[in-house]
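A structural walkthrough
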Amino acid sequence: MSAAYILVLYYSRHGATADMARQIARGVEMAGLEARLRTVPAISSECEAVAAQIPAEGALYVSLDDLKNCAGLALGSPTRFGNMAAPLKYFLDGTSSLWLSGGLVGKPAGVFTSTASLHGGQETTLLSMMLPLLHHGMLIAGLPYSESALLETRGGGTPYGPSHHAGVDGKRALDEHEISLCRVLGQRLAQTAMKLETVRG
Ligand SMILES: Cc1cc2nc3c(=O)[nH]c(=O)nc-3n(C[C@H](O)[C@H](O)[C@H](O)COP(=O)(O)O)c2cc1C
C-alpha cells in the first residue's frame, strides 16, 4: 500500500489556481505528509473531442483511485460566475460509485479559489465546492481567525478557505497573506488526517 497522501485536486485555465495548489501542497509537506497534485481535463463543447491521457504540462489528470485512496482532499477551482468551473463539477459528477461505497466518509477536506475581481464571488464558489464534499460525508476544514493573515489580508483569504485575487488581467501574483493561508490549509488537512488515522488505528 502506498504512503498516506493529501490529494490537491484543482482545475486552472490560466495558472492562478495552480499556483495556489502548489502552495497548499507545500503546507501538506511541511506538516509531514505527501501531497499528490492532480488536475482535470477541460470540457469541450464538441462531445467527441478527447484529451490526451497525459497533459502536455503540469499535474497529471486525477483518477477515481487517486480520490478513493486519499487521506484528505484540497479542492480548487477558478471562480466562474460565482461557482466552481464545469470541468471540476464534471469530474465530481462522475464519483457516484465512491458515494455509494462511502469511500470518502470521515476524511478531511478543504476548498480554494481564484478570482479576477476582489468581490467577484470567492465565498460563494468556496461554498459551492463544499456541497458535493458534504454529500460524500467529508469533514470540512476552513481557516481559523487565529491566523493573523485572515485579518490582515488586502487580497484574498476567507474563513471558508484560501482565495486569491488574480486581477482582471490575471497577472497579480499570490501575495504573502494568500500564500500563508494556502499553506495553513495544507497543514490543517495533513494534521487532521494524521490525527484521524491515529484515532482509527
Ligand atoms: C466563464 C468565466 C467566468 C468567470 N466568472 C468570474 C466571477 O464570477 N468572478 C470573478 O471575479 N472572476 C470570474 N472569472 C475570472 C476567473 O475566476 C479568474 O480569472 C481566475 O483567477 C482564473 O483562474 P486560473 O488562472 O486558475 O484559470 C471568470 C472567468 C471565466 C472564463
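About the thresholds
- Residues numbered from 1 in each chain as written.
- Predicted model: local features only at pLDDT ≥ 70, side-chain atom pairs only at ≥ 80, totals over all residues.
- Heavy atoms only, no water.
- Helix = DSSP H or I, 4+ residues; strand = E, 2+ residues; numbered from the N terminus.
- Rg over C-alpha atoms; globule rule 2.2 N^0.38 Å.
- Buried < 20%, exposed > 50% of the residue type's maximum accessible area, 1.4 Å probe, protein only.
- Lys, Arg positive; Asp, Glu negative; His and termini not counted.
- Charge placed at Lys NZ, Arg CZ, Asp CG, Glu CD.
- Near = heavy atom within 4 Å.
- Polar contact = N/O pair within 3.5 Å; in protein donor to acceptor, adjacent residues only side chain to side chain.
- Areas by Shrake-Rupley, 256 points an atom, 1.4 Å probe, with all protein chains shown as cover.
- Nonpolar A, V, L, I, M, F, W, Y, C, P; charged D, E, K, R; others polar.
- Phe/Tyr/Trp six-rings, centres within 6.5 Å; stacked < 30°, edge-to-face > 60°.
- Lys NZ or Arg CZ within 6 Å of the ring centre and 35° of its normal.
- Salt bridge = Lys/Arg side-chain N within 4 Å of Asp/Glu carboxyl O.
- Expected span 1.5 Å × (residues − 1).

Glancing now at the overall build of the protein. Within the protein one finds seven helices and seven strands. Put simply, the protein runs from its N terminus to its C terminus through helices and strands in the order β-α-β-β-α-β-α-α-β-α-β-α-β-α. Rg of the C-alpha trace for the protein: 16 Å, near the compact-globule value of 17 Å for 201 residues, within the 12% margin. Relative to its full complement of 201 residues, the protein shows a buried share of 49%. Across the protein, the centroid of the 16 positively charged side chains sits 3 Å from that of the 17 negatively charged ones.

Attention now moves to the site of the ligand. Close to the ligand lie 17 residues, the nearest being Ser 12, Thr 17, Thr 79, Ser 114 and Gly 120. Here an oxygen atom of the ligand sits 3.2 Å away from a polar atom, N or O, in the main chain of Gly 82. A distance of 2.7 Å separates an oxygen atom of the ligand from a polar side-chain atom of Ser 114. Protein chains bury 77% of the 650 Å² of accessible surface belonging to the ligand in isolation. Looking at the shell around the ligand, the elements with two or more residues in it are α1 (16-30) and β5 (108-115). Within the shell around the ligand, the residues separate by chemical class into five nonpolar, 10 polar and two charged.

A word on the packing of aromatic side chains. The tally for this structure, following the rule as stated, stands at zero aromatic pairs. The residue whose ring lies beneath Arg 36 is Tyr 5, and the NZ or CZ to ring-centre distance is 3.7 Å.

This paragraph deals with the pattern of salt bridges. Here the structure, examined in full by the defined rule, presents six salt bridges. For Arg 22, the salt bridge goes to Asp 19, with nearest N and O atoms at 2.6 Å. In this pair, Arg 22 and Asp 19 are both assigned in helix α1, three residues apart and thus about one turn of the helix distant. Classification of Arg 22 by relative accessible area gives partly exposed; the value is 43%. One salt bridge connects Lys 89 with Asp 93, and the closest N-O pair in it is separated by 3.1 Å.

Time to look at α1. With 15 residues, α1 ought to run about 21 Å at 1.5 Å a step, and its terminal C-alpha atoms sit 22 Å apart, in line with that. Buried within α1 we find Ala 16, Thr 17, Ala 18, Met 20, Ala 21, Gln 23, Ile 24, Ala 25, Gly 27 and Val 28. Count one or two residues on from α1 and you reach Gly 32, which has phi positive near 100°.

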